[in-house]
Amino acid sequence: MFHRSATPRDRTSYTQGSYTHGSHTQGPYTPSAPVARFYPHNYQNMAAVSSFKGPIRERLPQYEWQPPVLPPPLPPPNAVTMTNRRKRPNEEYSPHVVKRQRLSPPRPRTPPPLPRYRDEVVARPSRSTFDGYDRPHASVHSHPRPEAITVPQRPDCMMIYAKDKLSAQMVELFERCQQQISDLTKKESCRSRLLQDIRRIYTAARLYLTGSSMNGLGCRSSDADLCLVIQAKKRADTIHTLSALQRLFNSLSYIDRTQLIRAKVPILKFREKNSDLEFDLNINNTVGIRNTFLLRSYAYADLRIRPLILVIKKWAQHMLINDASRGTLSSYTLVLMVLHFLQTLKEPVIPSLQRDHPECFNPFMEIDMIPDGPKHIPPYISKNQSSLGELLLGFLKYYARDFRWDQQVISIREARAFPKNNSKEWRNKFICVEEPFERNNVARAVHERIKFDAIKTRFAEACQILHKSKDLNSIIPVRAIINKESSGR
């Protein structure tokens, strides 16, 4: 079953957690003192990302999730009783109460909840845009809640997965570069303000933050992706709408440097004035909302996934192979490549969520219901025990030596690489990576032999160098990246 970490403590950021790990060569994890635990599937018991105390509460929608009241699960017979170790509710909290010093390491965290966009009610009085995050969604397809399951005990401290130098370097890079709540707050503040101005033209518009800002895979320097949902069916309508928005944005005092990009998915690029925050806005590209929640579910399926992906994206950026506009790999493509690798190990780190729980990621699900899907996924614990460093080396080796670029299509939907056929999507393409909902090729930007050869060369070189050095600095400038991320926001 698909694992979610134990209920988080009351924290106010996307802070680092502990990392389970696995290996495609080792057997199942056996703790020294196994304890029976019940792990609910709950997405519902997440603590708030931020309580937005003070004046911020009046300016922004609260990032909170009000969980339904559920009876506690019954422990299995003869099981050791475990306390949930949660803090008292916020309403009972007093800043004058002296907290006990916590000597034990922090427990693994579940994904932070996503914004509840209360201002969306203006557009659709019957339902808030992310209303599903504030109430349970009854579904005939949902999995029954198990009474109890006995699972291996997991260590609580992330550093148990970073015993070697390379893994420790990856943990440090992740902790220093991951998106902070302050970064998300700024993005949400601008989104909320933009929506008010956009509704001067399109009164029923809805505006969503998507991509790495919301799926847990962003870093401090990540741009913000926005999806504007309005009535516009044709691409010509989309270009016309973006042009109208460009004129509107040019008149706004807080927006700067607008640029219309007429790509296959047209976007409007702009910056928030007097900051370094950049946005990419698209019209009705709702598959971006769907894959945001799918990748979010994968990002928190195993606590090694977020740091592994962040390091790989930083490496690809440093190697100049992470820019679809220049004929190389998009960040989305890289993420799917990482997830595919983790699915296809001898002992998989993650399953295929779409294959195992198709009702939770139905490609025809109403947009407002998309956040509800992950709530119905039961726990999953991988037997794979590789360290972060081992997984990074395995990833590079897989694509440098094992994967057959000319014969295979990467599919996280099926958790395998299936053979290329003669269809238009895959024929004569250098790299084939299936989009999990639309099933087209997200790596189609790599259309030149010279760029494809450069990508393969970078994988082979990094694999060889890192295998010898076991030092992250041998393939990326770790300290320079950390300094840039720290100063950029």
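Residues numbered from 1 in each chain as written. Predicted model: local features only at pLDDT ≥ 70, side-chain atom pairs only at ≥ 80, totals over all residues. Heavy atoms only, no water.

1. What to know about empty space enclosed by the protein
Working step 1: A full pass over the atoms with the stated rule returns 6 cavities of 30 Å³ or more.
Working step 2: Considered as a void within the structure, the second largest cavity measures approximately 60 Å³ in volume.
Working step 3: Of the residues that constitute the lining of the second largest cavity, the class distribution is 7 nonpolar, 1 polar and 1 charged. (1 Å grid on protein atoms, 1.4 Å probe; cavity = no way out; pocket = protein on both sides within 12 Å on 5 of 7 lines; lining within 4 Å. Points joined across faces, edges and corners; volume = space filled by probe spheres on them. Nonpolar A, V, L, I, M, F, W, Y, C, P; charged D, E, K, R; others polar.)

2. Observations concerning the pattern of salt bridges
Working step 1: Inspection of every chain in the model, using the stated rule, returns 21 salt bridges.
Working step 2: A salt bridge links Asp280 to Lys269, with the shortest nitrogen-to-oxygen separation between them at 2.9 Å. Taken as a pair, Asp280 in strand E5 (residues 278-283) and Lys269 in strand E4 (residues 267-272) lie far apart in primary sequence, 11 residues in all.
Working step 3: On the basis of relative accessibility, which here comes to 15%, the residue Asp280 falls in the buried class.
Working step 4: For Lys269, a relative accessible area of 26% gives the class partly exposed. (Salt bridge = Lys/Arg side-chain N within 4 Å of Asp/Glu carboxyl O. Helix = DSSP H or I, 4+ residues; strand = E, 2+ residues; numbered from the N terminus. Buried < 20%, exposed > 50% of the residue type's maximum accessible area, 1.4 Å probe, protein only.)

3. Some remarks on the packing of aromatic side chains
Working step 1: Counted by the stated rule, this structure contains 17 aromatic pairs.
Working step 2: With a centroid separation of 5.2 Å and 10° between ring planes, the pair formed by Phe270 and Phe279 is classed as stacked. The residues Phe270 and Phe279 share a single accessibility class, namely buried.
Working step 3: Ring geometry for Trp405 and Phe459: centres 6.5 Å apart, planes at 55°, overall tilted. Linking Trp405 in the loop between helix H10 (388-402) and strand E6 (408-411) with Phe459 in helix H11 (residues 449-469), this pair joins segments that are 54 residues apart in sequence. Here the two residues Trp405 and Phe459 agree in accessibility, since each one is buried.
Working step 4: Aromatic ring contacts, followed pair by pair, group Trp315, Phe341, Phe395, Tyr398, Tyr399, Phe403, Trp405, Phe430, Phe452 and Phe459 into a single cluster. (Phe/Tyr/Trp six-rings, centres within 6.5 Å; stacked < 30°, edge-to-face > 60°.)

4. Section: unusual backbone geometry
Excluding glycine, residues mostly carry a negative phi; peptide bonds, for their part, are mostly trans.
Working step 1: Of note, Arg257 is a non-glycine position whose phi angle comes to about 55°, a positive value.
Working step 2: Relative to the helices and strands, Arg257 is located in strand E3 (residues 255-261).
Working step 3: Phi is positive for Leu320, which is not a glycine, with a value near 60°.
Working step 4: Relative to the elements of secondary structure, Leu320 occurs in the loop between helix H7 (305-318) and helix H8 (331-343).

5. Describing the packing of helix H2 (residues 165-177) against H10
Working step 1: The contact between H2 and H10 brings their axes to 7 Å, and the two run at 95°. Judged by the angle between their axes, H2 and H10 are roughly perpendicular. Between H2, through Leu166, Ser167, Met170 and Val171, and H10, the contact on the second element is made entirely by Leu388, Gly389, Leu392 and Leu393.
Working step 2: Among the residues forming the contact of H2 with H10, the class breakdown is 6 nonpolar, 2 polar and no charged. (Axes fitted to C-alpha atoms, helices over the stretch in contact; angles between N-to-C directions. Parallel < 35°, antiparallel > 145°, perpendicular 65-115°, else oblique. Contact = heavy atoms within 4.5 Å.)

6. A word on the nonpolar core
Working step 1: Within the largest apolar cluster, 73 residues are counted, with the highest numbers of intra-cluster contacts made by Leu173, Leu392, Tyr399, Ile431 and Leu472.
Working step 2: Among the elements that make up this core, the one with the highest residue count is H8 (9 residues).
Working step 3: Discounting chain neighbours no more than four positions away, the residues touching Leu173 are Leu310, Val311, Leu472, Ile476, Val478, Ile481 and Ile482.
Working step 4: Leu194, Ile198, Ala205 and Phe249 belong to the second-largest nonpolar core, a separate cluster that totals 28 residues. (Core = buried A, V, L, I, M, F, W, Y, C linked by side-chain atoms within 4.5 Å.)

7. Considering H7
Working step 1: Taking 1.5 Å of rise per residue, the 14 residues of H7 would be expected to cover 20 Å, and the 20 Å separating its terminal C-alpha atoms lies within 8% of that figure.
Working step 2: The element H7 is extensively covered by neighbouring structure, given that 12 of its 14 residues are classed as buried.
Working step 3: Within the span of H7, buried status applies to Ile305, Arg306, Pro307, Leu308, Ile309, Leu310, Val311, Ile312, Lys313, Lys314, Trp315 and Ala316.
Working step 4: Count one or two residues on from H7 and you reach Leu320, which has phi positive near 60°. (Expected span 1.5 Å × (residues − 1).)

8. Details of the packing of helix H6 (residues 287-299) against H8
Working step 1: The contact between H6 and H8 brings their axes to 12 Å, and the two run at 40°. If you check the angle between H6 and H8, you find them oblique. As H6 runs across H8, the sense of the crossing is left-handed. Residues Asn291, Leu295 and Tyr298 of H6 form the contact with H8, whose participating residues are Tyr332, Val335, Leu336, Leu339 and Gln343.
Working step 2: For the contact of H6 with H8, the per-class residue count stands at 6 nonpolar, 2 polar and no charged. (Left-handed = near helix turned anticlockwise from the far one by under 90°.)

9. Considering H8
Working step 1: The end-to-end C-alpha separation of H8 is 18 Å, in line with the 18 Å expected for 13 residues at 1.5 Å each.
Working step 2: Along H8, 12 of the 13 residues are buried, which leaves the element largely enclosed by surrounding structure.
Working step 3: Looking at H8, one finds that the buried residues are Tyr332, Thr333, Leu334, Val335, Leu336, Met337, Val338, Leu339, His340, Phe341, Leu342 and Gln343.
Working step 4: Check the buried side of H8 and you find it contacts H6, H7, H10, E6, strand E7 (416-419) and H11.

10. As for the environment of Thr238
Working step 1: With respect to the element layout, Thr238 can be found in helix H5 (residues 235-250).
Working step 2: Separated by 28 residues in sequence, Thr238 and Pro266 have C-alpha atoms that sit 7.5 Å apart.
Working step 3: Once residues within four sequence positions are removed from consideration, Thr238 is found in contact with Pro266 and Ile283.

11. Examining the side chain of Thr241
Working step 1: Along the polypeptide, Thr241 turns up in helix H5.
Working step 2: In this structure Thr241 comes out as buried when scored by relative accessible area, which is 4%.

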